[in-house]
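A look at the structure
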Amino acid sequence: KRHLLEGDRFSGFLSRMALNDNKAGMEGLDRDKINKIIMKFSKGSRFYENEMKKEQQVNQRIERMMLQKAHITEQQLSKAQTQVENMTFDLERVRDLSRVIVHVDMDAFYAAVETRDCPDLKDKPMAVGSMSMLTTSNYHARKFGVRAAMPGFIAKKLCPNLVIVPTNFDKYRAVSAEVQEIFADYDPHFLPMSLDEAYLDISEHLEQRRVWPEALRTHRLRTNDTGTATSVSVPGQESTVEGLSPVLFEDSPSSSSCPFLQDAPGGGAGGDVMVFGTCAEEAVREMRFRIEQKTSLTASAGIAPNMMLAKVCSDKNKPNGQYRLPSNRQAVMVFIQDLPVRKVSGIGNVTEKMLGALGITSCIHLGQEMALLALLFSETAWHHFLEISLGLGSTHIERDGERKSMSTERTFGEMVALEEQFSLCRQLCQDLAQDLQKEALRGKTVTLKLKNVNFEVKTRAWTLPCAVATSDELFAVAKDLLKTEIDNVSPQPLRLRLMGNLNLPSLTGLNGVYHWKKILNITFNVCCIYQ
């Protein structure tokens with residue numbers, strides 16, 4: 001019985017903490033071996049106990065759901081099925097396949113930047129972060145099960161030779177700005193989701209591109225110190241010019257002739273150039289080529305009729321690849337039917353487990369069980385499930401004037417010194433103020449959110465009489481909220497670690513014109529430990 005109970009705890013813990021082999025670079029690993037190591041070295045920690053508590057809460061939700069399911073009648077199912085069919089008809093009627101949406105995701109971004117700047121790391125398993133928490137890992141490390149959001153001390157147990165590099169967000173922001181300059185050439189109103197990913201609607205770009213002369217689709221390869229052209233693998237091709245794919249891939253294709261590679265007019269002095277076509281695939285290959293030429297980093301991309309599908313597609317040929325889902329309903333439905341629900345953005349561990357309890361593991365199952373889901377889940381949830389089962393998602397990328405949130409975040413090692421805590425708080429306010437200035441936005445409410453060693457969340461908020469935008473104005477409020485929490489745990493120190501985040505939903509224009517909601521909430525979110 002003891003072993004059975006321990007097995008249940010093991011299974012429960014792993015459903016939340018275990019290897020997620022849906023992640024690029026983590027396919028085909030020894031799940032049992034990796035999960036046992038994770039379990040062994042997590043057991044006994046406060047994190048482990050908190051995960052057990054969360055797992056118990058999820059199991060209780062599942063028990064209530066299954067009890068509710070047992071009492072559902074055929075009449076209720078029939079009525080729900082009619083409701084589902086009516087909504088399906090309405091959704092199909094407005095299905096929009098006219099847009100070309102691209103999701104671009106930089107490959108192991110933080111790790112790639114560090115490897116670019118320290119080539120000795122290229123062939124080593126490495127991660128960025130600290131012994132407390134990792135923010136990303138390279139593909140060598142992923143072969144051992146090392147991933148983002150994993151404590152570094154556990155990662156070292158999985159991969160004893162793992163090199164952990166401290167984060168350097170100033171550097172990552174600078175590189176991200178270079179990448180975003182390129183995005184803007186294809187969609188001036190692209191939507192950045194973080195430093196390393198963004199959505200673009202390139203529909204208008206493609207209309208213009210169709211009539212572009214070849215000169216506008218021609219890009220020169222950068223040269224090294226000897227004047228030799230260097231490039232990463234030409235996106236979509238099986239060959240590369242010698243010298244690139246510098247950062248991530250030990251098995252980069254060897255050099256050979258490439259159909260897109262041409263000598264510049266006038267001979268060798270001009271260098272080699274790349275010529276791209278006019279279709280969507282060529283535009284995205286060109287974008288990825290330019291990113292790599294400018295930063296020496298690779299990106300993966302998905303091209304689809306909506307944002308949900310584009311994000312799924314960007315992971316399909318990762319790393320350093322792209323995938324185009326044709327813009328027709330049949331292709332979308334074929335693509336979606338065998339897609340694991342966990343692959344869809346917004347479906348996390350908890351939802352995956354609850355759906356799994358109903359025998360739903362793929363998107364086709366969602367469609368088959370939609371009447372049941374309509375009776376067991378909230379209206380918002382089952383509407384979302386229905387859209388997923390039909391391969392539907394947003395075809396409208398929010399523009400600046402419609403933006404409802406803004407954030408900046410930081411991952412760091414354990415921090416005890418008050419000076420460092422206030423310095424970090426100020427830096428986050430400065431970062432946010434820069435973003436606000438760039439977007440000509442401001443806001444009114446500041447919320448401080450802290451999580452203690454027992455993973456209990458506390459929040460403090462203060463609403464100002466008028467909207468603010470400068471770093472000094474933000475810091476004046478944030479530091480007082482932080483000081484309140486420091487005083488509350490005194491004489492013990494407030495020990496901060498892991499992550500800082502400033503989140504700003506509901507933005508107001510600096511010119512006094514209100515967009516969406518009138519109040520801007522500034523959330524300073526950090527994880528912390530109380531001594």
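Procedures and definitions
Residues numbered from 1 in each chain as written. Predicted model: local features only at pLDDT ≥ 70, side-chain atom pairs only at ≥ 80, totals over all residues. Heavy atoms only, no water. Helix = DSSP H or I, 4+ residues; strand = E, 2+ residues; numbered from the N terminus. Buried < 20%, exposed > 50% of the residue type's maximum accessible area, 1.4 Å probe, protein only. Contact = heavy atoms within 4.5 Å. Areas by Shrake-Rupley, 256 points an atom, 1.4 Å probe, with all protein chains shown as cover. Pairing = 2+ DSSP bridges. Axes fitted to C-alpha atoms, helices over the stretch in contact; angles between N-to-C directions. Core = buried A, V, L, I, M, F, W, Y, C linked by side-chain atoms within 4.5 Å. Polar contact = N/O pair within 3.5 Å; in protein donor to acceptor, adjacent residues only side chain to side chain. Phe/Tyr/Trp six-rings, centres within 6.5 Å; stacked < 30°, edge-to-face > 60°. Parallel < 35°, antiparallel > 145°, perpendicular 65-115°, else oblique. Left-handed = near helix turned anticlockwise from the far one by under 90°. Nonpolar A, V, L, I, M, F, W, Y, C, P; charged D, E, K, R; others polar. Salt bridge = Lys/Arg side-chain N within 4 Å of Asp/Glu carboxyl O.

1. Side note on the overall build of the chain
Along its length, the chain carries 18 helices and 17 strands. Across the 531 residues of the chain, 47% fall into the buried class. Contacts spanning at least 24 positions in sequence make up 66% of the contacts within the chain whose residues lie at least 6 apart. Surface summary for the chain: the accessible area is close to 25300 Å², and the carbon and sulfur share equals 50%.

2. Thoughts on the sheet that holds strand S3 (residues 134-137)
Reading across the sheet, the three strands line up as S3-S2-S4 and stay open at both edges, with mixed pairing between neighbours. Each end of this open sheet is capped by a strand with a single partner; those strands are S3 and strand S4 (163-165). If you compare each strand with its neighbour and ignore which way they point, the axes differ by 30 degrees on average. Contacting strand S2 (126-129), S3 and S4, helix H5 (residues 109-117) runs over the sheet at an angle of about 110 degrees to S2.

3. Description of the pairing of S2
Residues in a regular strand project their side chains so that they alternate between the two faces of the sheet. What you see with S2 is no split at all: Met126 and Val128 on one side and Ala127 and Gly129 on the other are buried throughout. Bridging between S2 and S4 involves three bridges; their strand directions are parallel. Bridge assignment links methionine 126 to a residue of S4, and that residue is valine 163. Judged from the three bridges that link them, S2 and S3 form a sheet pairing that is antiparallel. Across the sheet, residue glycine 129 finds its bridge partner in S3, namely leucine 134. The loop that links S2 with its antiparallel partner S3 comprises four residues.

4. Topic: the nonpolar core
In this structure, Leu366, Leu373 and Phe377 are the most contacted members of the largest nonpolar core, which totals 46 residues. Going through the elements one at a time, helix H3 (46-70), helix H4 (74-93), helix H11 (307-314), helix H12 (329-337), helix H13 (349-357), helix H14 (363-368), helix H15 (370-376) and helix H16 (379-389) are the ones with two or more residues in this core. Ignoring any residue separated from it by four or fewer positions in sequence, one finds leucine 373 in contact with Leu355, Leu358, Ile360, Leu366, Trp382 and Phe385. Listed in part, the 37 residues of the second largest apolar core include Ala108, Ala111, Met126 and Val165.

5. Some remarks on the side chain of serine 203
If you trace the backbone, serine 203 turns up in helix H9 (residues 203-209). At 3.5 Å, the side chain of serine 203 and the side chain of arginine 99 are in polar contact. Leave out the neighbours within four places in its chain, and serine 203 touches Ser98, Arg99 and Val100.

6. Comments concerning the packing of aromatic side chains
One pass over the structure, following the stated rule, counts nine aromatic pairs. Ring geometry for phenylalanine 276 and phenylalanine 289: centres 5.4 Å apart, planes at 55 degrees, overall tilted. Here phenylalanine 289 lies in helix H10 (residues 280-295) and phenylalanine 276 lies in the loop between strand S9 (272-275) and H10, a separation of 13 residues in the sequence. Each of the two residues, phenylalanine 276 as well as phenylalanine 289, counts as buried. Members of the aromatic cluster, joined through ring pairs, are Phe109, Tyr110, Phe169 and Tyr172.

7. Notes on the packing of H11 against H12
Running from amino to carboxyl end, H11 crosses H12 at an angle of 55 degrees, the nearest separation of the two axes being 12 Å. Put simply, H11 runs oblique to H12. Crossing handedness for the pair H11 and H12: left-handed. On H12, the residues that touch Met308, Leu309, Val312 and Cys313 of H11 are Val332, Phe335 and Ile336. Class assignment of the residues belonging to the contact of H11 with H12 gives a composition of seven nonpolar, no polar and no charged.

8. A few points about the pattern of salt bridges
Applying the stated criterion across every chain yields a total of 24 salt bridges. Residue lysine 171 pairs with glutamate 114 through a salt bridge whose shortest N-O separation is 3.2 Å. Placement of lysine 171 in helix H8 (residues 169-186) and of glutamate 114 in helix H5 is noted, with a sequence separation of 57 residues between them. Between glutamate 197 and lysine 311 there is a salt bridge; the shortest N-O distance is 3.2 Å. Linking glutamate 197 in strand S6 (residues 197-201) with lysine 311 in helix H11, this pair joins segments that are 114 residues apart in sequence. The exposure class of glutamate 197 is buried, given its relative accessible area of 18%. One salt-bridge network, in which partners are shared between bridges, spans Glu114, Arg116, Asp117 and Lys171.

9. What to know about unusual backbone geometry
Trans is the common state for peptide bonds, and a negative phi is the common state for residues other than glycine. The linkage connecting lysine 318 with the following residue, proline 319, adopts the cis geometry, with an omega of 0 degrees. Despite not being glycine, alanine 149 shows a phi value in the positive range, around 65 degrees. When you line up the elements, alanine 149 lands in the loop between helix H6 (139-142) and helix H7 (152-158). Of note in this structure, serine 296 is not a glycine but carries a positive phi near 65 degrees. Turning to its location among the elements, serine 296 is positioned in the loop between H10 and strand S10 (299-304). The exposure class of serine 296 is buried, given its relative accessible area of 16%.

10. Remarks on the sheet that holds S10
If you trace the five strands from one edge of the open sheet to the other, you get S5-S6-S1-S10-S11, paired in mixed fashion. A single partner strand is all that each edge strand has here, and the edge strands are strand S5 (191-194) and strand S11 (322-324). Direction aside, neighbouring strands of the sheet carry axes that sit 15 degrees apart on average. As paired elements, strand S1 (residues 101-106) and S10 share six bridges and run antiparallel to each other. Note on S10: the bridge partner recorded for valine 102 is isoleucine 303. Across the sheet, H10 touches S1, S6, S10 and S11, and the angle it forms with S10 is around 160 degrees.

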